[in-house]
Protein chains: 2
Amino acid sequence: MIKEERQRLIIEKLNRDQKINLLELSQLLNVSYDSIRRDVIELEDKGLLKKVHGGAVANSYLSFKNTHNSSADQQEVVMLTRKAQKLFYNHQTILMDGGTTNFHIAEQFPKNLEMTVITNSLPLAAVLNEHPKIETILLGGTYHKRYQITIGNQVMKQLEHIRVDLYLMGFNGLDPEVGVTLRHYEESVLKQKMAQAAKKVAICAITEKLHTVETYKVCDLQDIDILITSLKPSDVTLNAFRQQGIELI
Amino acid sequence: MIKEERQRLIIEKLNRDQKINLLELSQLLNVSYDSIRRDVIELEDKGLLKKVHGGAVANSYLSFKNTHNSSADQQEVVMLTRKAQKLFYNHQTILMDGGTTNFHIAEQFPKNLEMTVITNSLPLAAVLNEHPKIETILLGGTYHKRYQITIGNQVMKQLEHIRVDLYLMGFNGLDPEVGVTLRHYEESVLKQKMAQAAKKVAICAITEKLHTVETYKVCDLQDIDILITSLKPSDVTLNAFRQQGIELI
DNA sequence: CTTTTTTTTGCATTTTTTTGCAAAGAATTT
DNA sequence: AAATTCTTTGCAAAAAAATGCAAAAAAAAG
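All values reported here derive from a predicted model rather than from experimental measurement.

On to unusual backbone geometry. If you check the backbone angles, A:His91 has positive phi at about 65 degrees while not being a glycine. Counting through the fold element by element, A:His91 comes out in the loop between helix 5 (71-84) and strand 4 (92-96).

Shown next, in the form of structure tokens:
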């Protein structure tokens, strides 16, 4: 039995039962306790589960994401959102808008992170409920039911009085030529305003979004300060970003 | 049985029954009393429940789905929220704050009701997602994690520019002598401001809340325009309300 | 095809965590 | 105030995790 197969079986069992027991599993797969334990350590490093005393439990944020993404995409998202954690320090104030990526990043905030998060996304505020040390400020406005965010003039006005350390921008398309683009007009205007309210702008781009262009333009490449991507440093696509002086993670 | 599984089961049982007994639970899960108690301590640290003498109770002050009240209470809530529907017409703009009662009322809005709802409650906004014809406006501000509402100066400021037809006020205690009272100071101030922004103020009082007095006063009886109650019209308690010219439903 | 290198695996030892127990202290009830 | 019930505390046994090491297996190199 090769390692990869074992690990695949572990993940499968975990998805079924929500929890696994190391001893039980080692007997079931007929390998030593240590091998299983090492597998679980590896899987935890990949962010695919959470190790606990006596076994492992499913990573909650992965379970309901299964629906729309392939497992390869999932792994990329896990990796990217982990990388993104480098952006956050105690006593910062950051601005985050809606979108699944931002949602997953917020889910993975360290529990002891002391920060202020300003957002117009209701799911994000709900997730931050789990992080007692994070102060959440919600931007009020007309509630957009589909995207579950607030939009409109009132949000814009509140942004005028705000100055934050970092803006983590959600988006639909990123192209070296065109810049950052979006499907929804009102949001694109809002994001421009948000970018103005921040000292730095960061975006987190899964490979799927690179080289795609959507209808409404948010900003140019040069307006982005930090890009989080899973592309290898050698990738030619990154040259365009480097030329704009964008910090790559 | 690993610790995490036990704790998950504890939370599940807690969500079902709203309260748990340590001894009973230790027998059920077949572990020592001490282990269960230590689990409960950990869960309390995580803010997932509240420890009480001999057991634990659900922490979520707003555990909407399964109310911790008796079935008699539940029936009363259902009846009251039905009655409350009389207050709503098309093309109105109303203000609603947090609390379970308002939540249940919003749940029962007719699907074809065309209305604008302004609120500082996130669960309420989430519920209104199910009502396509209702426009929801969210008041922005500091997010209060426990009550799941926005509070603070920013909310107050937005209220200054608002004038609505009706304010449906949530509250903790209603007494003919003292008036409307609340447990939470900041909210009580906010509710005063909300009342000022509305042409009419309505409250929906389950019998349990009548004659109870909490720490912070929101307003006098005379500031209330409409009271929804399940008391019989002959009940003497209602006389005080009638004298203040309050419309009874 | 053999040798070398790397990876994987299992085992023994140490360290840490968890668990159950008992005695002492609080809180609650009668 | 006494009795009962629950909590807290310290402790020791048990369970599990981490660590270091060597044998076995697999992969790479010659």
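Along its sequence, chain A is organised into domain 1 (3-58) and domain 2 (71-248). For domain 1 of chain A and domain 2 of chain A, the distance between their C-alpha centroids amounts to 33 Å.

So, about the side chain of B:Asn120. All names here are of chain B. Examined against the element boundaries, Asn120 turns out to sit in the loop between strand 5 (115-119) and helix 6 (122-128). A relative accessible area of 2% means that Asn120 is categorised as buried. Excluding residues within four positions of it along the chain, Asn120 makes contact with Met96, Asp97, Gly98, Leu139, Gln148, Ile149, Thr150, Leu190 and Met194.

Further remarks concern the protein's contact with DNA strand D. If you check the shell around DNA strand D, you find 18 residues, and the closest are A:Tyr33, A:Gly54, B:Tyr33, B:Arg37 and B:Gly54. Counted by atom, the contact set of DNA strand D within 4 Å of the protein is 77% sugar and phosphate. Note that a phosphate oxygen of DNA strand D is positioned 3.0 Å from one of the side-chain N or O atoms of A:Lys51. At a separation of 3.3 Å, a phosphate oxygen of DNA strand D approaches a polar backbone atom of B:Val52. Broken down by class, the residue content of the surface near DNA strand D amounts to 6 nonpolar, 6 polar and 6 charged.

The local shell around DNA strand C holds 13 residues, among which A:Ser35, A:Arg38, B:Ser32, B:Ser35 and B:Arg38 are the closest. At 2.6 Å, a side-chain N or O of A:Ser35 approaches a phosphate oxygen of DNA strand C. The contact in question runs from a phosphate oxygen of DNA strand C to an N or O atom on the side chain of B:Ser32, over 2.6 Å. Among the elements of the structure, helix 1 (3-17) and helix 3 (33-45) of chain A together with helix 1 (3-17) and helix 3 (33-45) of chain B are those that each provide at least two residues to the surface near DNA strand C. Taken together, the residues that form the surface near DNA strand C break down as no nonpolar, 5 polar and 8 charged.

Here we take up the sheet that holds strand 1 (residues 19-21) of chain A. Residues and elements named next belong to chain A. Across the sheet, 3 strands lie side by side as 1-3-2; this open sheet has antiparallel pairing. At either margin of the open sheet sits one strand with a lone partner, and together these are strand 1 and strand 2 (49-52). When strand polarity is set aside, the average angle formed by the axes of neighbouring strands in this sheet is 20 degrees. Against the sheet, helix 3 engages strand 1, strand 2 and strand 3 (55-58), with an angle of about 135 degrees to strand 2.

Within a regular strand, the side chains alternate between the two sheet faces. Residues and elements named next belong to chain B. Looking at chain direction, strand 10 (residues 173-175) and strand 11 (residues 179-182) are connected through 3 bridges and run antiparallel. Of the residues in strand 11, the one forming a bridge with Asp175 is Gly179. If you look at the hairpin formed by strand 10 and strand 11, you'll find 3 residues sitting between the two strands.

For the rest of this paragraph, the subject is helix 7 (residues 153-160) of chain B. Of all the positions in helix 7 of chain B, only B:Val155, B:Gln158 and B:Leu159 are classed as buried. For helix 7 of chain B, the arc enclosing every buried residue in end-on projection is 105 degrees, short of the 170-degree limit, so these residues lie on one face. Exposed positions of helix 7 of chain B whose direction lies more than 90 degrees from the buried face are B:Asn153, B:Lys157 and B:Glu160. Lining the buried residues of helix 7 of chain B we find helix 8 (153-160) of chain A together with strand 4 (92-96), strand 6 (134-138), strand 7 (141-144), strand 8 (149-151) and helix 8 (185-196) of chain B.

Next up on the list: the interface of chain A and chain B. Listed per partner, the contact involves 31 residues of chain A and 25 residues of chain B. Counting each side, the surface lost to burial between chain A and chain B is near 2100 Å², with a carbon and sulfur contribution of 54%. The tally of links between chain A and chain B comes to 1 salt bridge. Residue A:Lys19 is joined to B:Glu5 by a salt bridge in which the shortest nitrogen-to-oxygen separation is 3.0 Å. Our enumeration of links across chain A and chain B arrives at 13 residue pairs in polar contact (both at pLDDT 80 or more). At the level of elements, strand 1, strand 3, helix 7 (122-128), strand 6 (134-138), strand 7 (141-144) and helix 8 of chain A are the ones that each hand at least two residues to the side of chain A that touches chain B. Tallying contributions element by element places strand 6 of chain A first for the side of chain A that touches chain B, with 5 residues.

Structurally, B:Val236 is set in the loop between strand 14 (226-229) and helix 9 (237-243). Separated by 129 residues in sequence, B:Val236 and B:Glu107 have C-alpha atoms that sit 32 Å apart.

Where charged atoms from two side chains of opposite charge come close, those side chains can pair. In this structure the tally under the stated criterion is 23 salt bridges over all chains. With a shortest N-O distance of 3.9 Å, A:Lys13 and A:Glu24 are connected by a salt bridge. You can see A:Lys13 sitting in helix 1 and its partner A:Glu24 sitting in helix 2 (residues 22-29), a full 11 residues away along the chain. With relative accessibility at 13%, the residue A:Lys13 sits in the buried group. A salt bridge links B:Glu160 to B:Lys193, with the nearest nitrogen and oxygen atoms 3.3 Å apart. With B:Glu160 in helix 7 and B:Lys193 in helix 8, this pair connects stretches of sequence that are 33 residues apart. With relative accessibility at 22%, the residue B:Lys193 sits in the partly exposed group. Overlapping salt bridges bring together A:Lys13, A:Asp17 and A:Glu24 as one network.

Our next topic: the sheet that holds strand 15 (residues 247-248) of chain A. The 9 strands lie next to each other as 15(A)-14(A)-12(A)-9(A)-4(A)-5(A)-6(A)-7(B)-8(B), forming an open sheet whose pairing is mixed. The outermost strands of the open sheet, each flanked by one partner alone, are strand 15 of chain A together with strand 8 of chain B.

The next point concerns the packing of helix 2 (residues 22-29) of chain B against helix 3 of chain B. Residue and element names in this part refer to chain B. Closest axis-to-axis distance for the helix 2/helix 3 pair is 8 Å, and the angle between their directions is 115 degrees. By the angle between their directions, the pair helix 2 and helix 3 is classed as roughly perpendicular. At the point where helix 2 passes helix 3, the crossing takes the right-handed sense. Here Leu22, Leu23, Leu25, Ser26 and Leu29 of helix 2 come into contact with helix 3, specifically with Tyr33, Ile36, Arg37 and Val40. Partitioning the contact of helix 2 with helix 3 into residue classes produces 7 nonpolar, 1 polar and 1 charged.

Rules used throughout
- Residues numbered from 1 in each chain as written.
- Chains lettered and ligands numbered in written order.
- Predicted model: local features only at pLDDT ≥ 70, side-chain atom pairs only at ≥ 80, totals over all residues.
- Heavy atoms only, no water.
- Helix = DSSP H or I, 4+ residues; strand = E, 2+ residues; numbered from the N terminus.
- Domains from an automatic or database assignment.
- Buried < 20%, exposed > 50% of the residue type's maximum accessible area, 1.4 Å probe, protein only.
- Contact = heavy atoms within 4.5 Å.
- Near = heavy atom within 4 Å.
- Polar contact = N/O pair within 3.5 Å; in protein donor to acceptor, adjacent residues only side chain to side chain.
- Nonpolar A, V, L, I, M, F, W, Y, C, P; charged D, E, K, R; others polar.
- Pairing = 2+ DSSP bridges.
- Axes fitted to C-alpha atoms, helices over the stretch in contact; angles between N-to-C directions.
- Arc of directions from axis to C-beta.
- Buried area = accessible area lost by both parts, 1.4 Å probe.
- Salt bridge = Lys/Arg side-chain N within 4 Å of Asp/Glu carboxyl O.
- Parallel < 35°, antiparallel > 145°, perpendicular 65-115°, else oblique.
- Left-handed = near helix turned anticlockwise from the far one by under 90°.

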